[in-house]
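Below, each chain spelled out in residue letters.
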Amino acid sequence: MASACSALYFLNLKGDVLINRTYRDDVERNLATAFRSHIINTRDGDNVASLTPVRILGPCSFLYMRASDVYILAVTKSNANAMLAFQFMTNMVTLLKSYFGGEFSEQSIKNNFVLIYELLDETLDFGYPQIVDPSILKQYIFQKGFITEAAKAKREAEAQNATLQVTGAVGWRKDNIKYKKNEVFLDIVEQVNMLMSNKGTVLRCDVNGKIVMKVFLSGMPDVKLGLNDKLEDVTFHQCVNLGRFNTEKVVSFVPPDGEFELMKYRCQEGISRPFSVLPIVNELGRTRLEVNVKLKANFSAKLYALNLLVTVPVPENTAHADIHTSQGKAKYDAKKHALVWKVKRYQGMAEHALTASVELIATTRERKPWGRPPIAMAFQVPMFSASGLRVQYLKVWEKSSYKVDKWVRKVCRSGDYNIRI
Amino acid sequence: MAPKARGELGEIRTTLATLATNGNAKSEAVVASKRDVFKKIINYMTIGIDMSSLYMQVMTCAVASAEDVVLKKMLYLFISTYAQANPDLTLLTINLLTKDCRDQDPTIRGLALRSLCQLRVANLIEYLMSPIQQGLKDAHPYVRRTAVMGVLKVYHLDSNAVLNAATLETLREMMARDGDAQVVANCMTVLQQAGRAQSFSSRGVVIPLVNRIKEFSEWAQCQVLEAVSGYQPSGEQEVYELMNTLDDRLAHSNSAVVMATVKLFLHLTITMPATHQQVLERIKEPLQTLMSRDHYETAYAVLAHFLLLAQRAPSLFSQAYTTFFCRQNEPSYIKSLKLEILVAVADAENAHAVVTELSEYVGDIDEQLAREAVRAVGRIALDVQDVEGIVERLLGFLDTGKPFVTAEAVVQVRDLMRRFPESAEACIASVSGISPEDLEEPDAKAAFVWILGHYGESIQDAPYLLERMAGEFAGERAGVRLALLTAAVRLFFKRPPECQRLLGAVLAAATADSNQDVHDRGLLYYRLLHAGMAAAAAVIAAPADALAAFAEEQSAELRNRVFDEFNSLAVIFRAPSATFVPPAPHAPLAEEPALAPVAASSAPVGGGVDEGSALLSAQEQEESLIDVSANSSPARPSGAPTAGVAAPAPPAAAGGDLLGLSDLLGGGGGGGGAAAAAAIGPGLGPPQPPPSPSLALAPAPVLAPADFQARWVAMPVAARFTHGLPPATLAAVEANAHQDFCQHAAARGIATMASGGAPPMYRFYFHAKPAGAAARILVEAIVSKPGALASVTIKADDPALGEPFAALFRTCIDTLA
């Protein structure tokens, strides 16, 4: 049970401490040095154990993660809960981002020491997580000194209010929000992952999706979202009434103000793959390689894929490649050891191909056959849903029954989209 | 940085002085510039410049503008950082904070109380209790929350202060009554940390918490779920009720909440096999979702849990094996865990697909991944033996042209042959295609040599291959040398004429080896051969039984212990927490009857070796005894023989005495042979008399608290005595919350079960285990400080152990310098 965090560190990539807070006296003060010498600058890079995000050094367990150019490190002496620690650190980054205008970096930390201290004190007490929700914390952290003498009278009332809201029935929403124009934006963002063998069998295919909302609504609105039943496993923002979802399959919630992630989902069944690929890569003797990659878009001809990028690996000793494509541009990238094919706008249902004849330098180092890494694809297809998820309705109720503008968008992005050759 | 810092420091000091004296302390401009200076100070403080000399000025400056919360917060931050360094000013600080604890603004009250509790100064407690008590009764939840955590802070400084004031009672009450969920959650934390986990064993406490769970913050929900998993429901009906109420937690967006729910469900149903199976089905999807989170760190933690579950119930995930296929961009620690899971879930149905996938990784550019993939295929070949094509694939790896793949594959093929001798024939053809020069890694060489030694009769040029490798004998690692030695002898029994030269060379080199193991084994073989071919063959070349399992595999018992600590670091480190968490400084002994606390402090203290491996080592000792029994030679012979042995062995005369042992060593010369005989003489003599009856203890015994309690009640008293404590020991007993003394005892094989008490009486419970025996020795030691006396009661399974152990324990007490 004891999952107290004894100290929390923010370090840059060199391992210098940017800021830290020690919550309990049971750990040494020079932990950052240990972290630097044993984890960041460790030489035994081959040893997988040395790279894991949870390590033991001496009597302490180190749990760390990296976010942009910063390491966040939690140190504990107890048999801590790793899930909780990582989730906490993730939320901490989200929290700081929300204060730093969406940015989280070494520089933004350096510019905000005082604020971070305040946050570190509010979010953890004696190493136990307290409140990490930005919308609540923002109301009683006063950094930037926006409380003036004139506002002092209001301050007490506000503080009273803010702390009460932490635990109120809808802790995530203040009740006196007003907008002239009431709007709701709903984005379905899907990431499709696929791995296909060189024989064309799909080894793995899944979709990780999320619904992100931007809500600018007055008062205490009640929102209902109807979805077709395509989801295999779903997790929701805390505002969602989970009981109703389980019984009626309706996502019903009182939304927080502004932007938030309503739900995440995942599915493996019935996925429409945006692209099928047929690769043929033949090694002709020692010095030549024939590449032929056929691509077909499986989505409706009314839609377009944007910024399609196909990376076809070639051996390291490639000297020259003669490439033809039926659309877009392609060239040999010597740094990546790959043929890179770019298409800005790829129409649905279209078929295109890349053919290339690759010349290799004959090498004396013989005993290293080419590993044939997979072809990788990157793209995004607006208004396409690989999982088949559809919004059937989005309703907003509020007692003043104002007019609401609703916007629904979809986008499907590539995750790991690989084809073996 | 010194000169610049000093310059800056001086500047700040001047500014502070001006701000403190000049102008209207309440004017906005002054407050704003004060804030700027404070910010500067805190920035310097953060980058490691010592600002403690400004303590007084900072205090004065802030107190003058006491209404400004921003300044106040910065002041608190400053003083809690530097209070320790300024003991003179501490009292001033405490006064200020105590005053602020009565401020009209709840935020200030809370902040002041928190800062007060965080001051790291001596004699703080006398100032703490009253503001905390007040805070507990505060009207505002923010203050109550802080006060509750304050109780825990005090508890860690001095548990008696909390116990005496019956504060825990207050907290228990607050937990049941308080309207603020975070206050309740903090109460739970404190009660748990203060060793009152049994507060959560009653239905009256647990059920309201479960019903209120949605009010709690996501972190507190984890806490509630964790607390409930320690609760024993009254019956199956109640288990179902709990699970129905909490089922929606599995869809929470916070991964920690989901995992805590998973743990709760698994533990609730542990005695209901059918339901347990359903729960496993239920949690499969949510866990897979957690794994696909954006953060690899979270995925890593989830996968570690997956692995544990997959090892317990492989069939459950055998359909979902594609989930564990690696992705191109994943970090290696994720891939490595996934491979282990794939091994765990592989069964007759999916093995072919899994191995096909693994074979892809063998061709990967990442060497580490390729190696692990070969090992994984090897493991699957061992586990799922009768699926076609797996062994063929493994053998195919021998010939990929990548030296490290070949090396890993040889090792796996060796293990396969040990486990399934019947598959040897298929393997030998492929193995014999390898030339020793292809192998660079010691493990691979040793494995190759092993195969040559065991199946040399079917490999045409085995003796010559071995001979080629033995040519480099001195340059090899000890493991390879040992393997060469054994292989040479084994093969000699099968193909004597071809191996005689090899054997001579290897034995000569081994007996001259500087490595103790190689040397001893060489000598042992030599003597066995000397004693007679048949006897030697019976010992060295006994037909190998197929291995049922490999010792490296984690025992089911150990896994169960890790499972008990589901959702903690224990799962990630794959070891019970007792092996990596330093023992709690003291188990709470106060206000409990003699032995109850032992049960309450559930963490087994000390230890580190699981019982399985302890048993194993005992077994090993036994085995080595059997080996030597023919001609026991416990000690290494004295100098002379080594010189004789070291002489280069001339080629043995062909024909005649095939063994030609006298020629093998000592070069046939009279003097050399005599020396060798003399050397062997004492070794063959009668065994030495056993040493005086002193007791050897197993290094780190492990005993569950409940087990300890049961044994304590059951065992007879073996010895009882009182013993004076030297001052050093008494100091060690008191210092560092008993830790020093416990460590001292642990170094002698006496593990601490629990320790505690308050001056002038301390109470300790120890346990020990004689090496190589199953008996247990339990000790209660009550130390009285005034007389520097320890009253010791020893209980043991075998009363004869009492006296020797008492002697040992006395020495342990006396030898602490």
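Residues numbered from 1 in each chain as written. Chains lettered and ligands numbered in written order. Predicted model: local features only at pLDDT ≥ 70, side-chain atom pairs only at ≥ 80, totals over all residues. Heavy atoms only, no water.

A. Region of the structure containing the overall build of chain A. When you go through chain A residue by residue, the secondary structure sums to seven helices and 23 strands. Across the 421 residues of chain A, 55% fall into the buried class. Pairs at least 24 residues apart make up 71% of the contacts formed inside chain A by residues separated by at least 6 positions. (Helix = DSSP H or I, 4+ residues; strand = E, 2+ residues; numbered from the N terminus. Buried < 20%, exposed > 50% of the residue type's maximum accessible area, 1.4 Å probe, protein only. Contact = heavy atoms within 4.5 Å.)

B. Structural view of the overall build of chain B. For chain B, the count of helices and strands is 41 helices and five strands. By residue count, 54% of the 817 residues in chain B fall in the buried class. Of the contacts formed within chain B by residues at least 6 apart in sequence, a portion of 67% connects residues at least 24 apart. For chain B, the exposed surface amounts to about 33800 Å²; the carbon and sulfur share of it is 55%. (Areas by Shrake-Rupley, 256 points an atom, 1.4 Å probe, with all protein chains shown as cover.)

C. How the structure looks around the pattern of salt bridges. Residues and elements named next belong to chain B. Under the criterion given, the structure shown has 44 salt bridges over all chains. With its nearest N and O atoms 2.7 Å apart, the salt bridge here joins arginine 109 to aspartate 138. Residue arginine 109 is found in helix H6 (residues 106-118), and its partner aspartate 138 is found in the loop between helix H7 (125-136) and helix H8 (141-157); the two are separated by 29 residues along the sequence. The exposure classification of arginine 109 matches that of aspartate 138, with both residues buried. (Salt bridge = Lys/Arg side-chain N within 4 Å of Asp/Glu carboxyl O.)

D. Examining unusual backbone geometry more closely. Residue and element names in this part refer to chain A. The backbone of methionine 349 sits at a positive phi, close to 65°, despite the residue not being glycine. Unlike most non-glycine residues, methionine 383 shows phi in positive territory, near 65°. Tracing the chain through its elements places methionine 383 in the loop between strand S21 (375-382) and strand S22 (391-397).

E. Examining the environment of glycine 209 of chain A more closely. All names here are of chain A. Looking at the secondary structure, you find glycine 209 in strand S9 (residues 202-216). In this structure the C-alpha to C-alpha distance between glycine 209 and phenylalanine 253, which are 44 residues apart in sequence, comes to 19 Å. Beyond its immediate stretch of four places on either side in the chain, glycine 209 contacts Val189, Glu190, Met263, Lys264 and Tyr265.

F. Looking closely at helix H19 (residues 332-345) of chain B. Residues and elements named next belong to chain B. With 14 residues, H19 extends 20 Å from end C-alpha to end C-alpha; this agrees with the ideal 20 Å at 1.5 Å per step. The buried fraction of H19 is high, at 12 of 14 residues. Among all positions of H19, only Tyr333, Ile334, Lys335, Ser336, Leu337, Lys338, Leu339, Ile341, Leu342, Val343, Ala344 and Val345 are buried. Buried residues belonging to H19 abut helix H17 (296-312), helix H18 (314-317), helix H20 (351-362) and helix H21 (367-383). (Expected span 1.5 Å × (residues − 1).)

G. Spatial organisation of the confidence of the model for chain B. Residues and elements named next belong to chain B. Taken as a whole, chain B shows an average pLDDT of 77; of its residues, 82% reach a score of 70 or greater. Helix H33 (residues 596-600) is the least confidently modelled element of chain B, averaging 37 in pLDDT, while helix H15 (residues 255-268) averages 91, the highest of any element. Across residues 586-693 the pLDDT falls below 50, and counting only partners more than four positions away or on other chains, this stretch makes 118 contacts in the model. The ipTM, which scores confidence in the relative placement of chains, is 0.71 for this predicted complex, and the corresponding pTM is 0.70. (pLDDT = per-residue confidence, 0-100.)

H. The interface of chain A and chain B, seen in detail. Opposite the 93 residues of chain A that make contact, chain B presents 101 residues. Across the interface of chain A and chain B, roughly 8400 Å² is buried in total on both sides, 55% from carbon and sulfur atoms. Applying the counting criterion to the chain A and chain B interface returns seven salt bridges. For the salt bridge of glutamate 285 of chain B with arginine 266 of chain A, the shortest nitrogen-to-oxygen distance reads 2.7 Å. Here chain A and chain B share 24 residue pairs in polar contact (both at pLDDT 80 or more) between them. Split by residue class, the side of chain A that touches chain B holds 42 nonpolar, 26 polar and 25 charged. (Buried area = accessible area lost by both parts, 1.4 Å probe. Polar contact = N/O pair within 3.5 Å; in protein donor to acceptor, adjacent residues only side chain to side chain. Nonpolar A, V, L, I, M, F, W, Y, C, P; charged D, E, K, R; others polar.)

I. Inspection of the packing of H7 of chain B against helix H10 (residues 167-177) of chain B at higher detail. All names here are of chain B. As a packed pair, H7 and H10 sit with axes 12 Å apart at the nearest point and diverge in direction by 15°. What the angle tells us is that H7 and H10 run roughly parallel. For the pair H7 and H10, the sense of crossing is left-handed. Contacts between H7 and H10 involve Met129, Gln133 and Leu136 on the former and, on the latter, Thr167, Thr170, Leu171 and Met174. (Axes fitted to C-alpha atoms, helices over the stretch in contact; angles between N-to-C directions. Parallel < 35°, antiparallel > 145°, perpendicular 65-115°, else oblique. Left-handed = near helix turned anticlockwise from the far one by under 90°.)

J. Local environment of the sheet that holds strand S18 (residues 329-333) of chain A. All names here are of chain A. What the nine strands build is an open sheet, ordered S11-S13-S9-S8-S23-S21-S16-S19-S18; its pairing is mixed. Each having just a single partner strand, strand S11 (233-236) and S18 make up the two edges of the open sheet. Going from strand to strand, the sheet's axes swing by 15° on average, the running direction of each strand aside. Inspection of the sheet shows strand S8 (residues 182-196) paired to S9 by 14 bridges, in the antiparallel sense. Opposite valine 184, over in S9, you have valine 215 as the bridge partner. (Pairing = 2+ DSSP bridges.)

K. Representation of the packing of aromatic side chains within the structure. Tallied over the entire structure, the rule returns 29 aromatic pairs over all chains. Taken together, a centroid distance of 6.4 Å and an interplanar angle of 5° make the contact between phenylalanine 35 of chain A and phenylalanine 62 of chain A stacked. Taken together, the residues phenylalanine 35 of chain A in helix H1 (residues 31-40) and phenylalanine 62 of chain A in strand S4 (residues 60-67) connect sequence positions 27 residues apart. These aromatic residues form a ring-pair network of at least three members: Phe275, Phe299, Tyr346, Phe379, Phe384 and Tyr417 of chain A. For lysine 395 of chain A, the ring lying beneath its charged end belongs to tyrosine 393 of chain A, and the centroid distance is 4.5 Å. The ring of phenylalanine 721 of chain B has arginine 810 of chain B lying over it, and the distance from NZ or CZ to the ring centre is 4.2 Å. (Phe/Tyr/Trp six-rings, centres within 6.5 Å; stacked < 30°, edge-to-face > 60°. Lys NZ or Arg CZ within 6 Å of the ring centre and 35° of its normal.)

L. Representation of a positive patch on the surface within the structure. Taken together, Lys329, Lys331, Lys336, Lys342 and Lys344 of chain A make up a surface patch of like positive charges. Where the positive patch is concerned, the elements lending two or more residues are S18 and strand S19 (338-347) of chain A. (Patch = residues over 30% accessible without salt bridge, like charges linked within 9 Å, V, L, I, M, F, W, Y side chains within 5 Å. Lys, Arg positive; Asp, Glu negative; His and termini not counted. Charge placed at Lys NZ, Arg CZ, Asp CG, Glu CD.)

M. Local environment of the confidence of the model for chain A. Residue and element names in this part refer to chain A. Summarising the model, chain A shows a mean pLDDT of 82, and 87% of its residues fall at 70 or more. Within the model, the stretch residues 44-49 combines pLDDT values under 50 with nine contacts to residues more than four positions away or in other chains. Here residues 143-169 is modelled with pLDDT under 50, and outside its nearest four sequence neighbours on either side it reaches 46 contacts, counting other chains as well.

N. Molecular detail of the nonpolar core. Counting residues in each nonpolar core, the largest one holds 269 residues, and the members touching the most others are Phe10 of chain A together with Met51 of chain B. Here this core takes 12 residues from helix H2 (residues 82-99) of chain A, the largest share from any one element. Aside from chain neighbours lying at most four places away, what touches phenylalanine 10 of chain A is Asp16, Val17, Leu18, Ile19, Val70, Tyr71, Ile72, Met92, Leu96, Phe104, Ile109 and Leu120 of chain A. Within the second largest apolar cluster, 44 residues are counted, among which are Cys267, Ala356, Trp370 and Tyr417 of chain A. (Core = buried A, V, L, I, M, F, W, Y, C linked by side-chain atoms within 4.5 Å.)

O. Just the sheet that holds strand S1 (residues 7-12) of chain A, in detail. Residue and element names in this part refer to chain A. With respect to topology, five strands assemble into an open sheet ordered S2-S1-S5-S4-S3, the strand pairing being antiparallel. Of all strands in the sheet, those with a lone pairing partner are strand S2 (17-22) and strand S3 (54-57), marking the two edges. In this sheet, neighbouring strand axes are inclined to one another by 20° on average, regardless of whether the strands run parallel or antiparallel. The pairing of S4 with strand S5 (residues 70-76) spans seven bridges and is classified as antiparallel. Following the sheet pairing, arginine 66 is matched in S5 by tyrosine 71. The sheet strands contacting H1 are S1, S2, S3, S4 and S5, and the helix crosses S4 at an angle near 70°.

P. Representation of the side chain of serine 80 of chain B in the model. All names here are of chain B. Its location among the elements puts serine 80 in helix H4 (residues 69-82). Relative accessible area serves as the criterion here: at 10%, serine 80 is assigned to the buried category. Separated by 3.1 Å, the side chain of serine 80 and the backbone oxygen of leucine 77 make a polar contact.

Q. Broad picture of the pairing of strand S14 (residues 275-284) of chain A. Residue and element names in this part refer to chain A. Relative to strand S15 (residues 288-297), S14 runs antiparallel, the two being bridged by 10 bridges. The residue bridging valine 277 from the neighbouring strand is leucine 295, located in S15. Taking the residues that link successive antiparallel strands as the turn, the S14-S15 hairpin has three residues, and the phi of glycine 285 there is positive, at about 70°.

R. Region of interest: the packing of H8 of chain B against helix H11 (residues 181-193) of chain B. All names here are of chain B. Orientation of H8 relative to H11, taken along the N-to-C sense of each, is 5°, at an axis distance of 9 Å. What the angle tells us is that H8 and H11 run roughly parallel. Note on element contacts: H11 touches H8 through Gln182, Val183, Asn186, Cys187, Thr189, Val190 and Gln193, opposite Pro141, Arg144, Arg145, Val148, Met149, Val151, Leu152 and Tyr155.

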